[in-house]
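Chain residues, written in single-letter form:
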Amino acid sequence: MTTRPSILLKPGEADRIVAGHPWIYRGSILRLSQPVDDGNVVQVKDHRQRLLGTGFYNSRSKIAVRVLDPDRVEIDQSFFESRFRAALALRQRHQPDATSFRVVNAESDFLSGLIVDQYEDVLSLQISALGMDRCKNTIVAALQTVLAPRAILERSDVASRKFEGLEEASGVLAGQLDGPVHIRLNGLQFTVDLVGGHKTGLYLDQQLNYQAVAQFAKGAQVLDCFSFLGGFGLHAARAGAAHVHMLDQSEDAVAASLRNAQANGLAASCTAEAVNVFDWLNAQTRTGPNERLVPKFDLIVLDPPSFTRSRAAVPDALRGYKEIHLRALKLLKPGGVLATFCCSHHVNTALFQDVILAAAFDARKVLRRVATYSQSPDHPIIPSIPETEYLKGFAFELVR
Ligand code: SAH
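These figures come from a predicted structure and were not determined experimentally.

Section: the sheet that holds strand β6 (residues 63–69)
Moving on, step 1. As summarised here, the arrangement of the 6 strands in space is β2-β6-β5-β4-β1-β3, forming an open sheet in which the pairing is mixed. Of all the strands in the sheet, just β2 (23–25) and β3 (29–32) have a single pairing partner and so form its edges. The sheet shows a mean angle of 35° between the axes of neighbouring strands, direction not considered.
Moving on, step 2. Pairing of strand β1 (residues 6–9) with β3, which is carried by 3 bridges, proceeds in the antiparallel orientation. Counted as the bridge partner of Leu8 is Arg31 from β3.

With respect to the environment of Pro304
Moving on, step 1. Relative to the assigned elements, Pro304 resides in the loop between β17 (297–302) and α9 (314–330).
Moving on, step 2. Through-space distance from the C-alpha of Pro304 to that of Gly320 is 9.9 Å; in sequence the pair is 16 residues apart.

A look at helix α6 (residues 231–238)
Moving on, step 1. Where burial is concerned, most of α6 is hidden: 7 out of the 8 residues are buried.
Moving on, step 2. Among all positions of α6, only Gly231, Phe232, Gly233, Leu234, His235, Ala236 and Ala237 are buried.
Moving on, step 3. Positioned one or two residues after α6, Gly240 has a phi angle of 105°, which is positive.

So, the domain arrangement of the protein chain
Moving on, step 1. When cut into domains, the protein chain gives domain 1 (6–69), domain 2 (77–182) and domain 3 (203–398).
Moving on, step 2. Each partner contributes residues to the interface: domain 1 has 5 residues there, and domain 3 has 4 residues.
Moving on, step 3. With both sides pooled, the region where domain 1 packs onto domain 3 buries about 330 Å², and carbon together with sulfur makes up 60% of that total.
Moving on, step 4. The tally of links between domain 1 and domain 3 comes to 0 salt bridges.
Moving on, step 5. One can count 2 residue pairs in polar contact (both at pLDDT 80 or more) joining domain 1 with domain 3.

A closer look at the pairing of strand β4 (residues 41–45)
Moving on, step 1. Counting buried positions along β4 yields 4 of 5 residues, so the element is predominantly enclosed.
Moving on, step 2. Bridge analysis of β1 against β4 gives 3 bridges, and the strand direction is parallel. Residue pairing for β4: Ile7 is matched across the bridge by Val44.
Moving on, step 3. Two strands pair when backbone bridges link them, and β4 and strand β5 (residues 51–57) are joined in this way by 5 bridges, in the antiparallel orientation. What sits directly across from Val44, in β5, is Gly53.
Moving on, step 4. With antiparallel pairing between neighbouring strands as the criterion, β4 and β5 make up a hairpin whose turn holds 5 residues, including Gln49 at a positive phi of roughly 75°.

Quick notes on the site of the ligand
Moving on, step 1. Near the ligand you find 15 residues, and of these Tyr210, Phe226, Asp248, Val277 and Asp303 are the closest.
Moving on, step 2. The contact in question runs from an oxygen atom of the ligand to an N or O atom on the side chain of Asp248, over 2.6 Å.
Moving on, step 3. Compared with its free state, where it exposes 580 Å², the ligand has 90% of that area covered by protein.
Moving on, step 4. The class makeup of the residues in the shell around the ligand is 9 nonpolar, 4 polar and 2 charged.

Concerning the environment of Pro70
Moving on, step 1. Relative to the helices and strands, Pro70 is located in the loop between β6 and α2 (77–94).
Moving on, step 2. You can call Pro70 exposed: its relative accessible area is 55%.
Moving on, step 3. Linking Pro70 and Gly20, residues 50 residues apart in sequence, is a C-alpha distance of 8.3 Å.
Moving on, step 4. Ignoring anything within four residues of it in the chain, the contact list for Pro70 reads Leu51, Leu52 and Gly53.

Thoughts on empty space enclosed by the protein
Moving on, step 1. Inspection of every chain in the model, using the stated rule, returns 1 cavity of 30 Å³ or more.
Moving on, step 2. Quantified by volume, the largest cavity comes out at close to 30 Å³.
Moving on, step 3. What lines the largest cavity is simply Leu9, Glu13, Arg16, Ile17, Trp23, Ile24, Tyr25 and Ser28.
Moving on, step 4. Of all the secondary-structure elements, those providing two or more residues to the lining of the largest cavity are α1 (14–18) and β2.
Moving on, step 5. It is β2 that contributes the most residues to the lining of the largest cavity, 3 residues altogether.
Moving on, step 6. Taken together, the residues of the lining of the largest cavity break down into 5 nonpolar, 1 polar and 2 charged.

Concerning helix α7 (residues 251–263)
Moving on, step 1. Taking 1.5 Å per residue, 13 residues should reach 18 Å; α7 reaches 18 Å between its end C-alpha atoms and fits that length.
Moving on, step 2. What α7 keeps buried is the set Ala253, Val254, Ala256, Ser257, Asn260 and Ala261. For α7, the buried positions fall inside an angular range of 165° around the axis, keeping them on one side. Exposed residues lying more than 90 degrees from the buried face of α7 are Glu251, Asp252, Arg259 and Gln262.
Moving on, step 3. Of the surrounding secondary structure, the elements contacted by the buried residues of α7 are β13 (188–192), α6, β15 (243–248) and β16 (270–274).
Moving on, step 4. At the exit of α7 stands Gly265, carrying a positive phi of roughly 70°.

Let's talk about the packing of helix α5 (residues 207–214) against α6
Moving on, step 1. Close contact between α5 and α6 brings their axes to 8 Å; oriented N to C, the two are set at 40°. Classed by the angle they form, the pair α5 and α6 counts as oblique. Of the two possible hands of crossing, α5 and α6 adopt the one that is right-handed. Contacts between α5 and α6 involve Asn209, Tyr210, Gln211, Val213 and Ala214 from the first element and Gly231, Phe232, His235, Ala236 and Arg238 from the second.
Moving on, step 2. For the contact of α5 with α6, the per-class residue count stands at 5 nonpolar, 4 polar and 1 charged.

Here's the deal with the side chain of Glu164
Moving on, step 1. Looking at the secondary structure, you find Glu164 in the loop between β10 (151–156) and β11 (169–175).
Moving on, step 2. According to the relative accessible area criterion, Glu164 is buried, its value standing at 3%.
Moving on, step 3. Polar contacts involving the side chain of Glu164 include one to the side chain of Asn58, which spans 3.0 Å.
Moving on, step 4. Within the structure, the side chain of Glu164 is placed 2.8 Å from the side chain of Ser61, a separation counted as a polar contact.
Moving on, step 5. If near-sequence neighbours (up to four positions away) are discounted, Glu164 is found in contact with Asn58, Arg60, Ser61, Arg66, Ser128, Ala129 and Leu130.

Calculation notes
- Residues numbered from 1 in each chain as written.
- Predicted model: local features only at pLDDT ≥ 70, side-chain atom pairs only at ≥ 80, totals over all residues.
- Heavy atoms only, no water.
- Pairing = 2+ DSSP bridges.
- Helix = DSSP H or I, 4+ residues; strand = E, 2+ residues; numbered from the N terminus.
- Axes fitted to C-alpha atoms, helices over the stretch in contact; angles between N-to-C directions.
- Buried < 20%, exposed > 50% of the residue type's maximum accessible area, 1.4 Å probe, protein only.
- Domains from an automatic or database assignment.
- Contact = heavy atoms within 4.5 Å.
- Buried area = accessible area lost by both parts, 1.4 Å probe.
- Salt bridge = Lys/Arg side-chain N within 4 Å of Asp/Glu carboxyl O.
- Polar contact = N/O pair within 3.5 Å; in protein donor to acceptor, adjacent residues only side chain to side chain.
- Near = heavy atom within 4 Å.
- Areas by Shrake-Rupley, 256 points an atom, 1.4 Å probe, with all protein chains shown as cover.
- Nonpolar A, V, L, I, M, F, W, Y, C, P; charged D, E, K, R; others polar.
- 1 Å grid on protein atoms, 1.4 Å probe; cavity = no way out; pocket = protein on both sides within 12 Å on 5 of 7 lines; lining within 4 Å.
- Points joined across faces, edges and corners; volume = space filled by probe spheres on them.
- Expected span 1.5 Å × (residues − 1).
- Arc of directions from axis to C-beta.
- Parallel < 35°, antiparallel > 145°, perpendicular 65-115°, else oblique.
- Left-handed = near helix turned anticlockwise from the far one by under 90°.

Following this line, the structure appears as structure tokens:
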């Protein structure tokens, strides 16, 4: 092996890396042993020259090095193959029946900058780091060896690539793909448009929660807010809900959720509306001077998008979360269940629950917590990499 350039870290900066965190910020670097081209492989050492690992270097990114391995390793096809095999084995252990799942979840699988989703026999990959992008052909070859997919699609059309000096990229990288893909989640069929859709595939991180929340649905009047393709709604309908009403502001998503209901023989109990959830809840909870609001729902699901791209946006996001919880609680029958999720890394579990309790207080409601939720195991949580934990949820029963 030719001698690789070394990146030496300042004193005190090594601990995070030893604990498993792959990011080295520019400010943590003491010096480079020699000039390094962006995207190249480097070895990382502490200030006493002890090896900390191997990673990709990029001077243009705030994350100057993304560590891939604690040892001195070649980043070649067999490296990727062994990482993919390990990631796959993890999914097979924790979600043995899943046929669509996230195969590689970036930092969670010690492959910072790479996400690979499997939709039945089609793979969709997203690359968000320069070093990883340079390995695209090797990654494709390794995926073909390990997973033998019908097609591999790239959906690297993410704005964050510009921070790495990369253009957005998308297209079919291998095999053939025309038309939407029919996938199964917990035995229900969903149709996803991987090439055309404004959104890549669907939210695989809720796969286990769809099933878990559906246990509250038997005989229930259900409201699924931010329903997208109908994940929560359709699982509730299959579990025997009396009726499911789904709300999403996207006309395309609403149409797709109704088609999915049809395809699963659940159309009779499902309706959907293209509306802004805030406006809809507002209208439903507005009362005249002597009017009492009659709660209608036995199960309400709130699964909004992340309202917080940054820490600075947290206060506004919290106001938004409080608002929808306050209104949803007013529409929930006593004994009914509110299943609610937050996918923002910046809002932790305790803060999220505080917001819900503040909304309950304002609505003069008392809640009993009956379940807590997290992201499905194909989005592994590595506690020493706090960014890998983002999805949290609760089910609350309305005591009164
Ligand atoms: N529950 C879904 C995921 C929801 S993602 C699932 O499990 O697949 C967030 C969804 O909220 C998107 O489909 C988006 O179109 C929708 N959305 C975002 N803001 C909205 C708003 N203010 N009102 C209604 N829908 C909204």
